[in-house]
Amino acid sequence: MAFFLETLLGGLMAGMLYSLVALGFVLIFKASGVFNFAQGAMVLFAALAMARFAEWVPQWLGLQSLLLANLIAFVLAAFVMFAVAWLIEWLVLRHLVNQEGTTLLMATLGIGYFLDGLGQSLFGSAIYKIDIGMPKEPVFAFSSVFEGGLLINKEDLYAALIAAVLVTLLSVFFQKTATGRALRAVADDHQAAQSIGIPLNRIWVIVWCVAGVVALVAGMIWGSKLGVQFSLTTVALRALPVVILGGLTSVPGAIIGGLIIGVGEKLSEVFLGPYVGGGIEIWFAYVLALVFLMFRPQGLFGEKIIDRV
């Protein structure tokens, strides 16, 4: 029982990180109706900015405090992502208002390649580390309930808690604020939102800024775990099955989809892997997403795309 719970908890914590990356896809799609292929590049770009600022800030200011250096680096990286969001809207999106979805899709591909190259030019192409003080050693919990206790990775636990807090804040933002309601109106119908005075350009800047902060938090966490390297863009590929499963238009779907895939990967690898030679964790999420594409393409909580046209 203890081993099952350890695997389950590990899957839930991994699923929260998948959900965090998937949120970036969902936010952009809800605001513009296009799948953002630049999300992986945004995660990498934000992680590079965070890693380099965390390295430069102590040199510039002579700081000894890791916490203070990381806080300043996070704020600076967030401003960089805000600037990126503004430039994307100013140089690209405002010229593509009410264009076909294919045009916007190709625009995000171009944005992704541009950010990859810009990241190398500004921050370098070496492998960098992000040290935000999360403990690496595991801990045994519930020793009084289970013999030997449950082995929990504290780094994964803290990362999952950070992701959960951000997801909660985003949910409140979308449901309870005037800007969030405007974002949902734009998601439902661009032209109708414009007709009642909602400025589409400003909404796109806001949603790309929010997606930039989500990418920054995701990049910070994954960079702390894996190191900041250009293979970090593949993290976005791990989130693709999540948005397919949960639905491209649903923030709760991104959360629940991430948890389902995280748990499914871990349990299938541990309990079914020995019987099929292992490797289930690599392809499980994509097979599950393929099944949903065949039988419920809008996902668990998403709406049919045809209804949005």
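In this text, all values refer to a predicted model and were calculated from it rather than measured experimentally. (Residues numbered from 1 in each chain as written. Predicted model: local features only at pLDDT ≥ 70, side-chain atom pairs only at ≥ 80, totals over all residues. Heavy atoms only, no water.)

The next thing to look at is the overall build of the protein. From N to C terminus, the protein includes twelve helices and two strands. Secondary structure elements of the protein occur, N-terminal to C-terminal, as α-α-α-α-β-β-α-α-α-α-α-α-α-α. Projected onto the principal axes, the alpha-carbon positions of the protein cover approximately 65 × 55 × 35 Å. Counting the 309 residues in the protein, one finds 48% classified as buried. The contacts in the protein between residues at least 6 apart in sequence include a share of 74% that link residues at least 24 apart. Placing the 16 positive and 17 negative side-chain charges of the protein at their respective mean positions leaves the two points 7 Å apart. (Helix = DSSP H or I, 4+ residues; strand = E, 2+ residues; numbered from the N terminus. Buried < 20%, exposed > 50% of the residue type's maximum accessible area, 1.4 Å probe, protein only. Contact = heavy atoms within 4.5 Å. Lys, Arg positive; Asp, Glu negative; His and termini not counted. Charge placed at Lys NZ, Arg CZ, Asp CG, Glu CD.)

Once that is clear, we can look at a nonpolar patch on the surface. Together, Ile282, Trp283, Val287, Leu290, Val291, Leu293, Met294 and Phe295 line one region of the surface with nonpolar side chains, adding up to about 850 Å² of accessible area. Within the element layout of this structure, Val291 appears in helix α12 (residues 280–295). (Patch = residues over 30% accessible without salt bridge, like charges linked within 9 Å, V, L, I, M, F, W, Y side chains within 5 Å. Areas by Shrake-Rupley, 256 points an atom, 1.4 Å probe, with all protein chains shown as cover. Salt bridge = Lys/Arg side-chain N within 4 Å of Asp/Glu carboxyl O.)

In this structure, Leu20, Val21, Trp208, Trp222 and Val228 are the most contacted members of the largest nonpolar core, which totals 95 residues. Ranked by residue count, the leading element in this core is helix α8 (residues 200–226), at 17 residues. Residues within four places of Trp208 in sequence aside, it is in contact with Ile28, Asn36, Met42, Ala85, Ile88, Leu93 and Ile111. (Core = buried A, V, L, I, M, F, W, Y, C linked by side-chain atoms within 4.5 Å.)

In total, this model carries twelve aromatic pairs according to the counting rule given. Centre to centre, the rings of Phe79 and Phe82 are 6.2 Å apart; their planes meet at 85 degrees, and the pair counts as edge-to-face. Here Phe79 pairs with Phe82, and both are found in helix α3 (residues 66–91), just three residues apart, close to one helical turn. For Phe82, a relative accessible area of 33% puts it in the partly exposed group. Centre to centre, the rings of Trp86 and Trp90 are 5.2 Å apart; their planes meet at 15 degrees, and the pair counts as stacked. Of this pair, Trp86 and Trp90 are both found in helix α3, four residues apart, which corresponds to roughly one turn of the helix. On the basis of relative accessibility, which here comes to 43%, the residue Trp86 falls in the partly exposed class. Through pairs of rings, three or more aromatic residues link up here, namely Phe45, Phe53, Trp56, Trp60 and Phe123. (Phe/Tyr/Trp six-rings, centres within 6.5 Å; stacked < 30°, edge-to-face > 60°.)

Another aspect to go through is α8. Between its terminal C-alpha atoms α8 stretches 37 Å, which fits the 39 Å expected from 27 residues at 1.5 Å a residue. Within α8, 21 of the 27 residues are buried, leaving the element largely enclosed by the surrounding structure. Where α8 terminates, the next one or two residues include Gly227, which has phi positive at roughly 90 degrees. (Expected span 1.5 Å × (residues − 1).)

Relative orientation of the contacting elements α3 and α8 amounts to 140 degrees, with a least axis distance of 8 Å. As α3 packs across α8, the resulting crossing turns out to be right-handed. Contacts between α3 and α8 involve Phe74, Ala77, Ala78, Met81, Phe82, Ala85, Ile88 and Glu89 from the first element and Asn201, Trp204, Val205, Trp208, Cys209, Gly212, Val213, Leu216, Val217 and Met220 from the second. Grouping the amino acids of the contact of α3 with α8 by side-chain chemistry returns 15 nonpolar, two polar and one charged. (Axes fitted to C-alpha atoms, helices over the stretch in contact; angles between N-to-C directions. Left-handed = near helix turned anticlockwise from the far one by under 90°. Nonpolar A, V, L, I, M, F, W, Y, C, P; charged D, E, K, R; others polar.)

Between the first and last C-alpha of helix α5 (residues 154–176) there are 33 Å, a value that for 23 residues agrees with the 33 Å anticipated at 1.5 Å per step. Where α5 is concerned, the buried positions are Glu155, Ala159, Ala160, Ala163, Leu166, Val167, Leu170 and Phe174. Measuring from the side-chain oxygen of the N-cap residue of α5 to the backbone nitrogen of Glu155 gives 2.9 Å; that N-cap residue is Asn153. (Polar contact = N/O pair within 3.5 Å; in protein donor to acceptor, adjacent residues only side chain to side chain.)

Turning our eyes to something else, we now look at the pattern of salt bridges. Under the criterion given, the structure shown has three salt bridges. Residue Lys225 pairs with Asp156 through a salt bridge whose shortest N-O separation is 2.4 Å. Of this pair, Lys225 sits in helix α8 while Asp156 sits in helix α5, and the two are 69 residues apart along the sequence.

A few words now on the environment of Phe53. Residue position: Phe53 is located in helix α2 (residues 39–61). The class of Phe53 is buried, set by a relative accessible area of 11%. For the pair Phe53 and Glu6, spaced 47 residues apart in sequence, the C-alpha separation works out to 36 Å. Beyond its immediate chain neighbours, meaning those up to four positions away, Phe53 contacts Pro58, Trp60, Ala73, Leu76, Ala77 and Val80.

As a further point, take the environment of Glu147. Tracing the backbone through its elements, the reader meets Glu147 in the loop between β1 (138–141) and β2 (150–153). Considering only alpha carbons, one finds Glu147 and Ala2, 145 residues apart in sequence, at a separation of 8.1 Å.

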